[in-house]
Amino acid sequence: MDKAQRPGRRTVLSVAALGAGAAVLGGGAGTAVAAGRGHGGGHSNGELPFPLVVGHRGASGYRPEHTFGSYQLALDMGADVIEQDLVPTKDGHLVCRHENDITATTDVADHPEFAGRKTTKTVDGVKLTGWFTEDFTLAELKTLRAKERIPQTRQHNTLYNGRWDVPTFEEVLQWAEREGRKRGRRIWLHIETKHPTYFRKLGLGLEERLAKLLRQYGRHKKNSPNFLQSFEPSSIQRLDKLVDCPKVVLLGTLKDQPWDFKEAGDKRTVADLVKPEGLRWIASFAQGIGPDLTVIIPRTSDGKLGKPSSVVKDAHAAHLVLHPYTVRNENTFLPVDLRKGSDPNAYGDSLAYFKALFATGIDGLFSDNPDTALLAAAEFRKS
Ligand code: G3P
Ligand code: CA
């Protein structure tokens, strides 16, 4: 794979906006942290910009999520990193879906041959009725077509319903190789293990399967162009023993508790994990955190944009990068004071939101609208 750097990229080796001096992080990656300037972006030898933009499920503001239409558009728009969420099939293949319930994002309900597979399950404490990837072989899943998850909000995306199938993660790795050769640079991925404890109990552990594929494609090293992410810290700890590429612990809102903590009787919440002690614990096996946006800038009681918390400073002090999620252009997803007009599906002032978030010093963010995010990021990359 071509390791050529992108023009205009930072050349400092850095992890976080630190002024505290060099350090070596714990965990398998053992990534060096640069002293001084503090332009991060994570583990990329300056290959990635600061701040970086992750195309969330591709460019899911414009195409049905987790399709090659969505991934390709995100890359063509210039997203620095492209995200995949991974779940397994019955025969153990990793496929790209946000959840194992494929009712909302495929045409499975229109397939009479699969009517009998509709079932009710409890996944991470939530009762769901629908069709689930772990009940389908890959060959069966490949007969389905992807569709827009939120057609009421993103009617324009329904134009592409049925155009693409459900990608396997291996197909994504092959696509990234092809695109890398074409562009003369490496294609960065941000790869999430979904419901890892749930799948391990079914005998479909995700981490070993993911590590095997990463090794097969030479993406298991500390300088490989991947971030690995999970809402379950134990999944990241497991991955840390298997591969060296940088890892990010996802965090929900302050009151949330990781599912693996619940299962293990660990009482800590996200509020505990973003305290200095919690962050130091995360830094013993990961190189970053991916918090909910409201952990970075809380909302006021009436839903407006509040004042930034200390989490950016505290995480950087623990030598962790921050990749919060997820900015979307539509009013319905924005703080109420950034909404424009009364149509929840119309675009609000997302540029102001991006600007406020980047101003906190975050190292990057996830967005469904990578083009808008990149426009906002450009102002910060200049300074
Ligand atoms: O992985 C970052 C962000 O995607 C986390 O939220 O639920 O969209 O996977 P989710
Ligand atoms: Ca995700």
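Before going into details, it helps to say that this report is about the structure given with it. In this text, all values refer to a predicted model and were calculated from it rather than measured experimentally.

Some words on helix α6 (residues 233-242)
Then step 1. Within the sequence span of α6, burial applies to P233, S235, I236, L239 and D240. Here the buried residues of α6 occupy an arc of 155° about the axis, which is enough to place them on one side.

Topic: the packing of helix α12 (residues 350-359) against helix α13 (residues 370-382)
Then step 1. It is at 9 Å that the axes of α12 and α13 come closest, and there the two elements cross at 45°. Overall, the two elements α12 and α13 adopt an arrangement that is oblique. Here α12 and α13 pass one another in a crossing that is right-handed. In contact with S350, L351, F354, K355, F358 and A359 of α12, α13 contributes T372, A373, L375, A376, A377, E379 and F380.
Then step 2. Counted by class, the contact of α12 with α13 contains nine nonpolar, two polar and two charged residues.

Thoughts on the environment of Y325
Then step 1. Within the element layout of this structure, Y325 appears in the loop between β12 (321-322) and α12.
Then step 2. The contact partners of Y325, leaving out residues within four places of it in the chain, are F231, L251, G252, G290, P291, D292, L293 and F366.
Then step 3. Here L251 takes part through its backbone oxygen, which lies 2.9 Å from a polar atom of the side chain of Y325.

Remarks on the site of ligand 1
Then step 1. Around ligand 1, the neighbouring residues are H56, R57, E83, D85, H98, E192, K194, Q229, F231, L250, Y325 and F366.
Then step 2. Between an oxygen atom of ligand 1 and a side-chain N or O atom of H56, the distance comes to 2.7 Å.
Then step 3. In this structure, an oxygen atom belonging to ligand 1 sits 2.6 Å away from a side-chain N or O atom of H98.
Then step 4. Coverage of ligand 1 by the protein amounts to 91% of the 280 Å² it exposes when considered alone.

So, the packing of helix α5 (residues 206-216) against α6
Then step 1. In the contact formed by α5 and α6, the axes pass within 10 Å of each other and the chain directions differ by 35°. The element α5 and its partner α6 pack so that their crossing is right-handed. Of the residues in α6, those in contact with E207, E208, L210, A211 and R215 of α5 are S235, R238, L239 and L242.
Then step 2. Residues of the contact of α5 with α6, tallied by class, amount to four nonpolar, one polar and four charged.

Conventions used here
Residues numbered from 1 in each chain as written. Chains lettered and ligands numbered in written order. Predicted model: local features only at pLDDT ≥ 70, side-chain atom pairs only at ≥ 80, totals over all residues. Heavy atoms only, no water. Buried < 20%, exposed > 50% of the residue type's maximum accessible area, 1.4 Å probe, protein only. Helix = DSSP H or I, 4+ residues; strand = E, 2+ residues; numbered from the N terminus. Arc of directions from axis to C-beta. Axes fitted to C-alpha atoms, helices over the stretch in contact; angles between N-to-C directions. Parallel < 35°, antiparallel > 145°, perpendicular 65-115°, else oblique. Left-handed = near helix turned anticlockwise from the far one by under 90°. Contact = heavy atoms within 4.5 Å. Nonpolar A, V, L, I, M, F, W, Y, C, P; charged D, E, K, R; others polar. Polar contact = N/O pair within 3.5 Å; in protein donor to acceptor, adjacent residues only side chain to side chain. Near = heavy atom within 4 Å. Areas by Shrake-Rupley, 256 points an atom, 1.4 Å probe, with all protein chains shown as cover.

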